[in-house]
Amino acid sequence: MPPDHTAAADNTGTPSPIFAIQKARTRFFGLTFDETIRVFFGGNAFVAVIVLALITFFLFREGSQFFGQNRDSLRTYRLAGLEYVDIIRQQEEDHTALTRYLFDIRLKAVVKLTEEGVDAAEAKRRLAKFDDYAERYGDTIVPVRGLVSELTEVATDIKTRYNENEDYKVARQQFLASGMKAEAEAIVVKNLDFSREILAITGTFPAYEQINTEYAEALKAAIAELPVLPVPELQPRLERFRELNREYLATFPTRTELLKNWNNNAPVGWSESFTQFIFGTRWLTASFWQDWYGIIPLFVGSLMISAIALFIAVPLGVGAAIYVNQIATPQEQKLIKPAIEFISAIPSVVLGFFGIAVLGQALRALSQWEALSWVPGFPYSERLNALTAGCLLALIAVPTIFTLAEDAINNVPRAFKEASFALGASRMQTIVRIIVPAALSGIVSAVLLGLGRVMGETMVVLLCAGNRIAIPDFTAGITAFVQPVHTMTGIIAQEMGEVVRGGIHYRALFVVGLVLFFIALLLNFLAQKIVRKYRISIG
Amino acid sequence: MEKSTFWVFRLATYLILIAGFSVFGDIVVKGSATVFGAFKTTSTFPYFTNTFLTEAPESLYVFEHKGEKREMGDREYRAFREKETAAALAAGQPAPQFKADSYVYSAGGIWPCIVGTVLLVVGSMTIALLLGVSSAIFLSEYARDGAFVRFVRLAILNLAGVPSIVFGLFGFGMFVIYFDWNVSLLAGWFTLAFMVLPVVITASEEALKAVPKGFREGSLALGATKWQTIRSNVLPYALPGILTSSILGIARVAGETAPIMFTAAYVVRDKLPWDVEKISDFFFQGVMALPYHIYVVSSKIPQNEYTARVQYGTAFVFLGIVALIAASSIVLRNKLRGRYKW
């Protein structure tokens, strides 16, 4: 707070006429020298506000057109019939998943047989019936697969011609704009009649129906006669396989209905473009078929790594804060506090390099250690994964959490502690029952700010997270934590250098930046709110 | 019971320290071999040089020659090859065949990166200090508590939480594209300066507030104007505090990679920054920078014994610089706290 006499001080600029020291005052835009300085400093104070506004503005400026472009892309996807093909393709992919289920059973059976001391040739002989069955089951999809690949070519062709045409249009516009009429005339724009082109795709519906009916029959026949496994323990899994197939078959009528009613002229709304980004589960770029910009895989990756980092950093950071503030001797305090501050100065890129060069291998070696095989997810084979990145990020979050939590504990009024002691509580009781609850709001906000730090960290995740763009397979439970992931910060850093300026991919990255920006603001806001709401009034 | 719980807390604390210093130790031990192994004697003053610190990055060639395994940097390798070929031709033998494995950036040194980092830090800290100190002077000397000040403080607090990659995107969108500065020193300076602004403002304000009220009151009572008071009675006493706390900002600026990735850093550049035709070109050129170089050598080239040297060496030099800055900040601040007691 400035001293209270500022008001009086301001008056010194205009001496009263009694003293009559007449001096021509330099004035800038009607302000005295002192006022000018004040305005100058005030303007500088405003810089922080301006920068925040500029960040918002420029992220929006580059990113906002994304949703329009994404809408166009989705519209083409529908107009050119790619969507239609994908509906059938989904059916094929579901079948592939079921085949994989069969393979999984076989793998388990082989493991089991080997454990029983059966050699490979014998195991193969015993599983021959099953293999035969699996092969027959796998073959049932062949007609559908043939149709899909046929349609894929047709749809790709339509899309390519459409895109070429669009490019011609743009080129023509550019020629016209720069006054080169002859060149513009030379470009022949052939507008595509989608409703006619699409017949090549939708026209196959009767054929599809025929194929589908036969396919359904084949499937039903296949699940009617399940083979008998040489390993009785696995038989329930086959029953489950039959169940899954029934569920799969039940989706057929809806799919047929979907295809029948499918219309390539159905409008693509803004909301669709928006939901494809916010809830889209695919981030797929530079693909020959269709590009998808769904943030979910990246968001989940960021979240998972942050969870790992906080899982490690919160106990360590808060524990250290309690120790340093309440338990440690003054000499220890003098040593530990600067040391942790020093750790916070280690640049993140150096930590990332350490992860690649040392920690990745070390953790993998640790996971393959026999004595630790009870840990879920161990042993694993990917050197760079969410766990590696999370461990390093913990080291980044610890100093933040430690410093802020220590501050919060330090701010607990001394009287609380003394009163507790006076009532006969032990040091332990005082810490657990009095100090920590009193400082809890500060600790929570410290954790939130640590989370913000971790979410926004780029270099460590870019180098160590494995950079695989896919939602981790959570069906395996907690072992998903050792899978490679990609993150929001990582994707910006990785792809920004390679994209075409102004393209949809480029804009998508800016929108990801916007999301990050708002997450950071939200976390900051929450942290402040918590501190203010639950602050203990002293006295 | 109480003792054992305290031990758990103690363990947590020391675990942090061990983790931090094992990272530090690994890089120091492995990296110092590269740096200190690169000393060479020369014939001119000061009679030694360190090739790792004073040369530009080169490709490393590993090959076998006359049954002997040799490693050479790009220039040395070419000269060697020419010499050997000429010698062989002179002796009337067929030219020797060279089959070399090459590893980019793995020979030579990191001089351009050091220069680039220093330039980035100096430029951005100058901007940040000018803006930040003025801002702090307003907040602590002029402003009265009100909606405006609260708004400004909120903005500063939020700015501090913005991820560095978002600053990078912003700098790219505003300076590189909108202002059309391209990938340049100037764009990097402003991006980094804005990033570090909250640190500088907070540090400066703290230092200004540490100057006792009496100093201002005395000056004002003698008839000095507000500005005269600040200039002669507040700033001189706050300056050491401002500078030492701002050193932490320097460590942050030097250590960040994400903001300069798209705004100022080049993967490789042959010319040194002062090698420009006109002065204005100086500001609009990209530079190599240590953090970005670490990123490049650790992600874009394979990990093996030949590349590990330059990786660890670069990381060691970089960590050394940053640690030195941070340590001096911590030490100076502790000293200062002891010196000024009003």
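Keep in mind that this is a model prediction, so the values were computed, not measured.

1. Some thoughts on the overall build of chain B
Tallying secondary structure elements over chain B gives 13 helices and five strands in all. What you see for chain B is a C-alpha radius of gyration of 26 Å, clearly larger than the 20 Å of a compact globule of 342 residues, by over 25%. Along the first, second and third principal axes, the C-alpha atoms of chain B reach 95 × 70 × 40 Å. Taken over 342 residues, chain B has a buried fraction of 47%. Put simply, of all contacts in chain B between residues at least 6 apart along the chain, 76% involve residues at least 24 apart.

2. Brief notes about the packing of helix H21 (residues 427-456) of chain A against helix H24 (residues 504-533) of chain A
All names here are of chain A. At a minimum axis separation of 8 Å, H21 and H24 run at an interaxial angle of 170°. It follows that H21 is roughly antiparallel to H24 by the angle criterion. Only Leu 516, Ile 519, Ala 520, Leu 523, Asn 524, Leu 526, Ala 527, Ile 530 and Val 531 of H24 make contact with H21, whose side of the interface consists of Ser 441, Gly 442, Val 444, Ser 445, Leu 448, Leu 449, Leu 451, Gly 452, Met 455 and Gly 456. The class makeup of the residues in the contact of H21 with H24 is 13 nonpolar, six polar and no charged.

3. A closer look at the sheet that holds strand E3 (residues 57-65) of chain B
Residues and elements named next belong to chain B. Read from one edge to the other, the open sheet built from three strands follows the order E4-E3-E5, with strand pairing classed as antiparallel. Every interior strand has two partners, whereas the edge strands, strand E4 (68-73) and strand E5 (100-108), have only one. Across the sheet, the mean angle separating the axes of adjacent strands is 25° when strand polarity is ignored. Where E3 meets E4, six bridges bridge the pair, whose relative direction is antiparallel.

4. Remarks on the domain arrangement of chain A
Residue and element names in this part refer to chain A. Looking at chain A, the domain boundaries give domain 1 (65-275) and domain 2 (297-533). With centres defined by C-alpha atoms, the gap from domain 1 to domain 2 works out at 41 Å. The interface is formed by five residues belonging to domain 1 together with five residues belonging to domain 2. Residue composition of the side of domain 1 that touches domain 2, by class: one nonpolar, four polar and no charged.

5. Some points on unusual backbone geometry
Residues and elements named next belong to chain B. Of note, the phi angle at Asp 180 is positive, near 60°, even though the residue is not glycine. A positive phi angle is found at Asn 182, which is not glycine, with a value near 60°. The exposure class assigned to Asn 182 is partly exposed, which follows from the 15 C-beta atoms found within 10 Å.

6. Topic: the domain arrangement of chain B
Residues and elements named next belong to chain B. When the domains of chain B are assigned, the result is domain 1 (58-108) and domain 2 (111-339). On a C-alpha basis, the centres of domain 1 and domain 2 stand 45 Å from each other. Mapped onto the side of domain 1 that touches domain 2, the elements with two or more residues apiece are E3 and E5. Sorting elements by how many residues they give to the side of domain 1 that touches domain 2 places E5 first, with four residues. A per-class count over the side of domain 1 that touches domain 2 returns five nonpolar, one polar and no charged.

7. Focus on the interface of chain A and chain B
At the junction of the two partners, chain A supplies 78 residues and chain B supplies 79 residues. Sorting elements by how many residues they give to the side of chain A that touches chain B places helix H3 (residues 47-63) of chain A first, with 11 residues. Each residue belonging to the side of chain A that touches chain B can be placed in one class, and the counts come to 56 nonpolar, 16 polar and six charged.

8. Overview of the nonpolar core
Counting residues in each nonpolar core, the largest one holds 199 residues, and the members touching the most others are A:Val350, A:Leu392, A:Ile401, A:Val512 and B:Leu197. Once you skip the residues sitting within four places of it in the chain, B:Leu197 turns out to touch A:Val47, A:Ala48, A:Val51, B:Ala128, B:Leu131, B:Gly132 and B:Leu159.

9. Brief notes about the confidence of the model for chain A
Taken over all residues, the pLDDT of chain A has a mean of 85, while the share at 70 or more is 94%. Contacts of residues 1-12 of chain A to residues separated by more than four positions or lying in other chains number 16 contacts, the stretch itself having pLDDT below 50.

10. Some words on helix H5 (residues 82-115) of chain A
Residue and element names in this part refer to chain A. Compared with an ideal rise of 1.5 Å per residue, which puts 34 residues at 50 Å, H5 spans 48 Å between its outermost C-alpha atoms and is within 8% of the ideal. For H5, every residue scored as buried is listed here: Leu 82, Tyr 84, Val 85, Ile 88, Gln 91, His 95, Ile 105 and Ala 109. On its buried face, H5 is in contact with helix H4 (65-79), helix H8 (142-177), helix H11 (199-202), helix H12 (205-224), helix H13 (235-250) and helix H14 (252-261). Just past H5, the residue Gly 117 takes up positive phi, approximately 90°.

11. Re the pairing of E3(B)
Residues and elements named next belong to chain B. The pairing of E3 with E5 spans six bridges and is antiparallel. Within the sheet, the bridge partner assigned to Glu 58 lies in E5 and is Ala 107. The hairpin formed by E3 and E4 contains two residues between the paired strands, and Lys 66 there has a positive phi angle of roughly 50°.

12. Some remarks on the environment of B:Leu119
Residue and element names in this part refer to chain B. Tracing the chain through its elements places Leu 119 in helix H4 (residues 111-142). With 20 C-beta atoms packed within 10 Å, Leu 119 lands in the buried category. C-alpha of Leu 119 to C-alpha of Val 287: the two residues are 168 residues apart in sequence and 8.8 Å apart in space. Not counting the four nearest positions on each side in its chain, Leu 119 is found in contact with Leu 185, Pro 273 and Val 287.

What counts and how
- Residue numbering note: each chain is counted from 1, following its sequence as written.
- Think of it this way: whatever chain is written first is A, whatever ligand is written first is 1, and the rest follow in order.
- Predicted model: local features are reported for residues with pLDDT of at least 70 only, side-chain atom pairs are reported and counted for 80 or more only, and whole-chain, interface and lining totals are derived from all residues.
- Secondary structure follows DSSP: runs of H or I at least 4 residues long count as helices, runs of E at least 2 residues long count as strands, and numbering of each begins at the N terminus.
- What the globule rule says is 2.2 Å times the number of residues to the power 0.38, and the radius of gyration is computed from C-alpha atoms.
- Here exposure depends only on C-beta density: within 10 Å of a residue's C-beta, 20 or more other C-beta atoms make it buried, 12 or fewer make it exposed, and intermediate numbers make it partly exposed, the C-beta atoms being placed from the backbone.
- By definition, residues are in contact whenever their C-beta atoms, placed on the basis of the backbone, come within 7 Å of each other.
- Convention adopted: a line fitted to C-alpha atoms gives each axis, helices being fitted over their contacting stretch, and angles between N-to-C directions are expressed from 0 to 180 degrees.
- Orientation categories follow fixed angle ranges, with anything under 35 degrees roughly parallel, anything over 145 roughly antiparallel, 65 to 115 roughly perpendicular, and all other angles oblique.
- Three categories are distinguished: nonpolar for Ala, Val, Leu, Ile, Met, Phe, Trp, Tyr, Cys and Pro, charged for Asp, Glu, Lys and Arg, and polar for the others, with Gly belonging to the last.
- DSSP calls a pair of strands paired once it identifies at least 2 bridges connecting them.
- Domain start and end points were adopted from an automatic or database domain assignment.
- To form a nonpolar core, buried Ala, Val, Leu, Ile, Met, Phe, Trp, Tyr and Cys residues must be joined through C-beta atoms within 7 Å.
- Per residue, pLDDT captures the predictor's confidence, and it can take any value from 0 to 100.
- Multiply 1.5 Å by the residue count of a helix minus one, and that product is the helix's expected span.

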